[in-house]
Amino acid sequence: MYEKINLDQLHNSGVRVVDLRSDTVSKPTPEMREAMYRAPVGDDVYGEDPTVAELERRAAEILEKEEAIFVASGTMANLIAIMVHCNQRGSEIISGDHGHTFKFEQGGTAQIAGVHTAVIKNNEDGTFSIEDLRKKIRKNPDFHEPISSLIIVENTHNLCGGKVLPLEWLEKVHNLAEEHHLPVHMDGARMMNAAVYLKVPPSRIVKDVDSVCFCLSKGLGCPVGAILAGTSTFIDKARRVRKALGGGWRQAGIIAAAGLVALDTMIERLQEDHDHAYQIAKAIYAMHSTNFKVDLQTVQTNIVLMYFDKTKITVQDLQRRLQTVLKTDRVKCSVRSMSLNHDCVRFTLYWGISDEDVTVACEKIQLVIREYDELLKGY
Ligand SMILES: Cc1ncc(COP(=O)(O)O)c(C=O)c1O
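None of these values were measured; they are calculated from a predicted model.

Visitor: Mind showing me how you'd approach the site of the ligand here?
Guide: Every residue near the ligand is listed here: S73, G74, T75, H100, E154, N158, D187, A189, C215, S217 and A226. Among the residues forming the shell around the ligand, the class breakdown is three nonpolar, six polar and two charged.

Laid out in structure tokens, this is it:
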């Protein structure tokens, strides 16, 4: 997916490395490190860690859900949610075909939970057709069929470029699910970005879903962790499943402390990352390149997808070129990106990327585009 480079060597040679691979590479803030040092802790498996308990209480309060549980990762949160909602053999979930749980979680749904997935084509905005959803729900399944047990939505939608699900669409999914007595889970790894984009409280984003998870370790900057929230009954069951998956942790207050700082200080500031993402998208757009495209309208949060013609350019070459320090670089700069498809690279913004980093990264990306455009003239 990306090449390993010797960052120390690059830093030491005065190169500015702007790492836009993912918001997961964000490091904890100084305030988080301080809070981690001071955190009161206890054995959380015995329910005795006051910092974990406080993080779970605060997260539930912010989301306006009955309870929440602190877990190791977004992947674990999604898997636990699936295992709690789909607790009978022969269960089936319904998901978009670009969904993270479907594409990028190693098929844990099948591998570990023993649950079948039915997919619906995702639209470019991260939604899927409500009519297709209606068709996918198995009404009165006979004994040949699996049993529809859960609908999963993703917000913001990673593969769709950080797109925010429209609130009206979420309401439609909820109404249809309710009609068929089906729960809805939101993979809200970046749902705080959605709340900031729509300028609504986080609780509004998750009003129409039964359970939701969000990551503390992405744009919110924590070293590790995710939150899963829902009803008290759901969270009781989630605690059992987390233990079975080996995710019961002991003095986890050390890391939960960073989560509390994140909830206090890192949500509103996500707007800065969105502004930075838009600045990069505008810089690409301004090149009016025949080989590279960005859709300005669709850059809503902290992710920019830059598309290119894969018949002329390979993603490996492009990433290498962005990463290499070129003679023509005014400021020596290496830009790191992520490839999710063969025709696009992803740039993701987070708190460690400064205004100056963005300015230099824009210059570098434009330089590489210019080079390709020259090279491919008439091709
Ligand atoms: C939408 C989405 N869901 C879930 C995850 C999984 O999170 P984690 O890497 O913490 O397991 C990711 C990670 O990138 C993601 O983008």
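Visitor: Looking at this structure, how should I read the sheet that holds strand β3 (residues 91–96)?
Guide: Taken in spatial order, the seven strands make up an open sheet running β2-β8-β7-β6-β5-β3-β4, and their pairing is mixed. Two strands close off the open sheet at either side, each with one partner strand: β2 (67–71) and β4 (116–120). Sheet twist, expressed as the mean angle between neighbouring strand axes with direction ignored, is 20 degrees. As defined by bridge partners, β2 adjoins strand β8 (residues 226–230) across five bridges and the pair is classed as antiparallel. When the bridges of β8 are listed, V71 appears paired with A226.

Visitor: When you look at unusual backbone geometry in this model, what are you seeing that I'm missing?
Guide: Among all residues except glycine, the phi angle is most often negative; among peptide bonds, the trans geometry is most common. For the bond running from N155 to T156, omega is -5 degrees, close enough to zero to count as cis. For E64, which is not a glycine, the phi torsion comes out positive at approximately 55 degrees. Within the secondary structure, E64 sits in the loop between α3 (50–63) and β2. Note on E64: 13 C-beta atoms within 10 Å, which makes it partly exposed.

Visitor: Looking at this structure, I do not really get the sheet that holds strand β12 (residues 338–341). What am I missing?
Guide: Paired through backbone hydrogen bonds, the strands of a sheet run either parallel or antiparallel to each other. The four strands are arranged β9-β10-β13-β12 in an open sheet whose pairing can be described as antiparallel. Unpaired on one side and paired on the other, β9 (292–293) and β12 mark the two borders of the sheet. Sheet topology places β9 next to strand β10 (residues 303–308); two bridges connect them, and they run antiparallel. The residue of β10 that forms the bridge with F292 is F308. Contacts between helix α13 (residues 270–285) and the sheet are confined to β9, β10 and β13 (344–348), with β10 contributing the most and set at about 20 degrees to the helix.

Visitor: I'm lost on helix α14 (residues 315–323) in this one. Help?
Guide: Residues spaced three or four apart along an α-helix point in a common direction, a consequence of the helix completing one turn every 3.6 residues. Residues V315, L318, Q319, L322 and Q323 constitute the buried set of α14. Angularly, the buried residues of α14 cover 130 degrees about the axis, an arc narrow enough to put them on a single face. In this structure, α14 carries Q316 and D317 as exposed residues pointing more than 90 degrees from its buried face.

Visitor: What should I look at first to understand the nonpolar core in this one?
Guide: Where a protein is soluble and globular, its nonpolar side chains tend to be buried together. Core analysis: the biggest nonpolar cluster contains 112 residues, and I80, L228 and I280 have the highest contact counts within it. Looking at which domains feed residues into this core, each of domain 1 (7–24 + 268–373) and domain 2 (30–265) gives three or more. Once residues lying within four places of it in the same chain are set aside, the contact partners of L228 are A68, I69, V71, A77, I80, A81, S211, C213 and A238.

Visitor: I'm lost on the packing of α13 against helix α15 (residues 355–375) in this one. Help?
Guide: Any two packed helices are characterised by how steeply their axes cross, that is the angle between the axes, and by the distance between the axes. For the pair α13 and α15, the least separation of the axes is 9 Å and the interaxial angle reads 25 degrees. Classified by the interaxial angle, the pair formed by α13 and α15 is roughly parallel. Crossing handedness for the pair α13 and α15: right-handed. Taking contact as the criterion, the partners of H276, Q279, I280, A283 and I284 in α13 are, on α15, V358, A361, C362, I365, Q366 and I369.

Visitor: What is the right way to look at the pairing of strand β7 (residues 211–215) in this model?
Guide: The two faces of a sheet get side chains in turn, since along a regular strand they alternate between them. Burial runs high along β7: five of the five residues are buried. Because side chains alternate across β7, one face comprises the buried residues S211, C213 and C215, and the other comprises V212 and F214, equally buried. Sheet analysis places strand β6 (residues 184–187) next to β7, joined by three bridges and oriented parallel. Across the sheet, residue D187 finds its bridge partner in β7, namely C213.

Visitor: Explain the domain arrangement of the protein to me, please; I cannot follow it from the model alone.
Guide: Quoted interface sizes are often the accessible area lost when the parts come together. In terms of domains, the protein is made up of domain 1 (7–24 + 268–373) and domain 2 (30–265). Here domain 1 and domain 2 have C-alpha centroids that lie 29 Å from each other. With 16 residues of domain 1 at the contact, the number on the domain 2 side is 15 residues. Of all the elements in the fold, those that place two or more residues in the side of domain 1 that touches domain 2 are α13 and β10. Split into classes, the residues belonging to the side of domain 1 that touches domain 2 amount to six nonpolar, seven polar and three charged.

Cut-offs used in this document
- Here the residue index of a chain counts from 1 through its sequence in written order.
- Given that this is a predicted model, residues contribute local features only at a pLDDT of at least 70 and side-chain atom pairs are listed and counted only at 80 or more, while totals for whole chains, interfaces and linings are drawn from all residues.
- What makes a residue near a molecule or strand is its C-beta atom, placed from the backbone, lying within 6 Å of it.
- Note on residue classes: Ala, Val, Leu, Ile, Met, Phe, Trp, Tyr, Cys and Pro are nonpolar, Asp, Glu, Lys and Arg are charged, and everything else, Gly too, is polar.
- Pairs of strands are assigned from DSSP output, requiring at least two bridges between the strands.
- Secondary structure elements follow DSSP: runs of H or I of four or more residues count as helices, runs of E of two or more count as strands, with numbering from the N terminus.
- Each axis is a line fitted through C-alpha atoms, taken for helices only over the stretch in contact, and angles between the N-to-C directions span 0 to 180 degrees.
- Backbone-placed C-beta atoms define the burial measure: a residue is buried with 20 or more other C-beta atoms within 10 Å of its own, exposed with 12 or fewer, and partly exposed in between.
- Residue pairs qualify as contacts under a 7 Å threshold applied to their C-beta atoms, which are placed from the backbone.
- Here, the arc refers to the directions that run from the helix axis to the C-beta atoms.
- Note on terminology: a nonpolar core is any set of buried Ala, Val, Leu, Ile, Met, Phe, Trp, Tyr and Cys residues joined through C-beta atoms within 7 Å.
- Note: domain ranges come from an automatic or database domain assignment.
- Put simply, angles under 35 degrees are roughly parallel, angles over 145 are roughly antiparallel, angles from 65 to 115 are roughly perpendicular, and the rest are oblique.
- Two helices cross in a left-handed way if the nearer one is turned anticlockwise from the farther one by less than a right angle. They cross in a right-handed way if the turn is clockwise.

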